[in-house]
Amino acid sequence: MVFSSLLFLYAFFSLSLAAYALCRTQKAQNLVLLVFSLVFYAWGEPKYVLLLMFMAFVSWFCALQIARNKRRHKQRFWVGVAAVVDIGLIGYFKYAGLFVSVFGTVPDFIRSIALPIGISFYTFQLLTYVIDVYRKDASPQKSYWNVLLYAALFHQCVAGPIVRYKTIDHDLFSGIPRKPEWAKGVSRFCAGLAKKALLANPCGALANTLILSDAAIADASKFAANLEKLTELPVAGAWLGILAYTLHIYLDFSAYSDMAIGMGNMLGLHYLENFNYPYISRSVTEFWRRWHMSLGTFFRDYVYIPLGGSRCSFLRSMFNTFVVWALTGLWHGASWNFVLWGLWFFVFLMIERLFLKKILEKIPILSNLYLLVVVMLGWVIFRFTNLELGVVLIKSLLGLNGNALTGFTVGIEFDSHIYLLLVSVIAATPLMRILRYQFERLIGNNQAIQAVWRVVFYSIIPVILLLLSTASLVGDSYNPFIYFQF
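Each value, and the rule that gives it
Note that residues are indexed from 1 along each chain, following the sequence as it is written. Residue-level local features of this predicted model are given only where pLDDT is at least 70; pairs of side-chain atoms are given and counted only at 80 or more, and the full residue set underlies all totals for whole chains, interfaces and linings. Remark: hydrogens and water are excluded; side-chain values derive from all non-hydrogen atoms of the structure. Secondary structure elements are defined from DSSP: runs of H or I of at least 4 residues count as helices, runs of E of at least 2 residues count as strands, and each element is numbered from the N terminus. The globule rule is 2.2 Å times the number of residues to the power 0.38, and the radius of gyration it is compared with is taken over C-alpha atoms. Here's how the labels work: a residue is buried when its accessible area is under 20% of the maximum for its type, exposed when over 50%, partly exposed in between, all with a 1.4 Å probe on protein chains only. Contacts were defined at the residue level, with two residues in contact if any of their heavy atoms lie within 4.5 Å. Charged-residue counts in this description rest on Lys and Arg as positive and Asp and Glu as negative, His and the chain ends being excluded. Every charge is mapped to an atom, namely NZ of Lys, CZ of Arg, CG of Asp or CD of Glu. By nonpolar core we mean a set of buried residues, namely Ala, Val, Leu, Ile, Met, Phe, Trp, Tyr and Cys, connected to one another through side-chain atoms within 4.5 Å. Like-charged residues within 9 Å of one another, or nonpolar side chains (Val, Leu, Ile, Met, Phe, Trp, Tyr) within 5 Å, are grouped into patches, provided each residue has over 30% relative accessible area and no salt bridge. Using a 1.4 Å probe, the Shrake-Rupley method yields the accessible areas, and only the shown protein chains count as cover for residues. Every case where a carboxyl oxygen of Asp or Glu lies within 4 Å of a side-chain nitrogen of Lys or Arg is listed as a salt bridge. Any pair of nitrogen or oxygen atoms within 3.5 Å is treated as a polar contact; in protein, a donor-acceptor pairing is required on top of that, and neighbouring residues in sequence qualify only through side-chain atoms on both sides.

Enquirer: Would you mind showing me how to read the overall build of the chain here?
Expert: Per the secondary structure count, the chain includes 21 helices and zero strands. Relative to the compact-globule value of 23 Å for 486 residues, the chain shows a C-alpha radius of gyration of 23 Å, a close match. Principal axes of the C-alpha set define a box for the chain whose edges measure 70 × 65 × 50 Å. Looking at the chain residue by residue over its 486 residues, the buried ones come to 52%. A separation threshold of at least 6 residues defines the contact pool for the chain, and within that pool the share at least 24 residues apart is 77%. In the chain, 40 side chains carry a positive charge and 24 a negative one; their mean positions are 13 Å apart.

Enquirer: Is there a simple way to think about the nonpolar core in this case?
Expert: Within soluble globular proteins, side chains that are nonpolar tend to cluster in buried spots. Core analysis: the biggest nonpolar cluster contains 150 residues, and F8, Y122, Y279, V284, W291 and W379 have the highest contact counts within it. If you tally residues by element for this core, the top one is helix 12 (residues 235-267), at 17 residues. Once residues within four sequence positions are removed from consideration, Y122 is found in contact with Y41, L51, L52, M55, P116, I117, A151 and C157.

Enquirer: Before we go on, may I ask you to explain a positive patch on the surface in this structure?
Expert: There is a patch of like positive charges on the surface, built from K70, R72, R76 and K136. Summarising the element assignment, K136 is placed in the loop between helix 6 (119-134) and helix 7 (144-152). Judged by its relative accessible area of 63%, K136 falls in the exposed class.

Enquirer: Would you mind showing me how to read the pattern of salt bridges here?
Expert: Any two side chains of opposite charge can pair, on the condition that their charged atoms come close. In this structure the tally under the stated criterion is nine salt bridges. Measuring nitrogen to oxygen at the nearest pair gives 3.9 Å for the salt bridge that ties D137 to K166. Of the two residues, D137 sits in the loop between helix 6 and helix 7 while K166 sits in helix 8 (residues 165-173), which places them 29 residues apart along the sequence. Residue classification places K166 among the partly exposed positions, given a relative accessible area of 37%. R436 is paired through a salt bridge with E440; the nearest N and O atoms lie 3.1 Å apart. Placement of the pair is R436 and E440 together in helix 20 (residues 431-443), with a separation of four residues, close to one helical turn.

Enquirer: Mind showing me how you'd approach unusual backbone geometry here?
Expert: Of all residues except glycine, most have a negative phi; of all peptide bonds, most are trans. The backbone of K136 shows a phi angle near 65°, a positive value even though the residue is not glycine. Although it is not a glycine, Y277 sits at a positive phi angle of roughly 45°. Here Y277 lies in the loop between helix 12 and helix 13 (284-290). Residue class for Y277 comes out buried when judged on its relative accessible area of 17%.

Enquirer: Explain the side chain of Q75 to me, please; I cannot follow it from the model alone.
Expert: Along the chain, Q75 falls in helix 4 (residues 72-101). For Q75, the side chain forms a polar contact with the main-chain oxygen of N69, separated by 2.8 Å. The contact partners of Q75, leaving out residues within four places of it in the chain, are I66, N69, K70, Y134 and K136.

Given below as structure tokens:
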């Protein structure tokens, strides 16, 4: 079940809100949230609810042992236990095939291991909980069910953002009545839904048409046909396809975060922002401060800084950065192209640190163009688990396959999607937010206009977006969330 499905919108989520509204205490509200969260998770793969519950139990138990033991070496032991169990389980379910492939043929029983939805997200959340208790940045939770709720909360369990316990503890478990922000939450949710249904899905379909779908890339029997298609793809078609994919992956993932944040607002829960218009960045360094911020701060606080961060020799700092970006790539998937994708950004981060960043600061327009080219080529590496196909597409982007500059089909696709691409590009920038702020400054303290504007912004626009999204989703068979696979 995904947030942009009609079943979720008009049945599951509506029922969860109704049940939540009937509760008069925070304890009852949390029970409703837990039940609906477990049902949500079990909808796709019931057996893996037990895995989630077990990992939450281990983290809960280890955190209690850390709090009860005053000796540091015993506390470190229990941190180690939690890390071994959590990382060991994600290693088995997500990376067993990749690691075994290094030594030869992957056995069938390893190939048959299914990836539990959301394991990359809730594993990191549980690890941050245990480590924060160890660091005394968070108090241990006495109730196992509360730890399970924190890990399983359906708003963000399966595709983020990665929520740290210490940032949500007060909202979830303080006992203080929550203050739902309905207008803000509904507006944010409907905007995210529209971003997903009206923009991300069509951009993804266009990318699939031009540069292959994930299913086609993974199908070994179609390799020869795929190779031929990418080799003959005109230069303009290759760039149009990767542009569509670049917009798709941002709009898709940020839409999910928007909807998660919006649902939290409706209940008085506050999740941190996960995206800040990354495509307007002027360097790779800035890009990764704006893209998937909850993941970036996790690696910064729990890997990079403990390794020594930048407060060490340059070579040691470079090693620390290398580890972070190898792990960042690996986190995204059990395939070597993801590791290569992470190291692709490591190389540019190092180049920027050495000399390029000073040059980029002097030429802002070219710096943004540089960033977009680096990121778009990076998305080629990211998308193609078969690296040979990825290399062929990069050659097509550069016209090195003897391919034409453009073609009739490419022209038709461009003409058919020009308005979609323009609106999607605008949606990937803060232009609309800036215009809104400027309008609100213009109306100033005029209470009558402010009242009308609040009705328009928080009521009329969300309803229109919801209706348009619903109409788009009816009968639409293409409605995936990219980050579900991670």
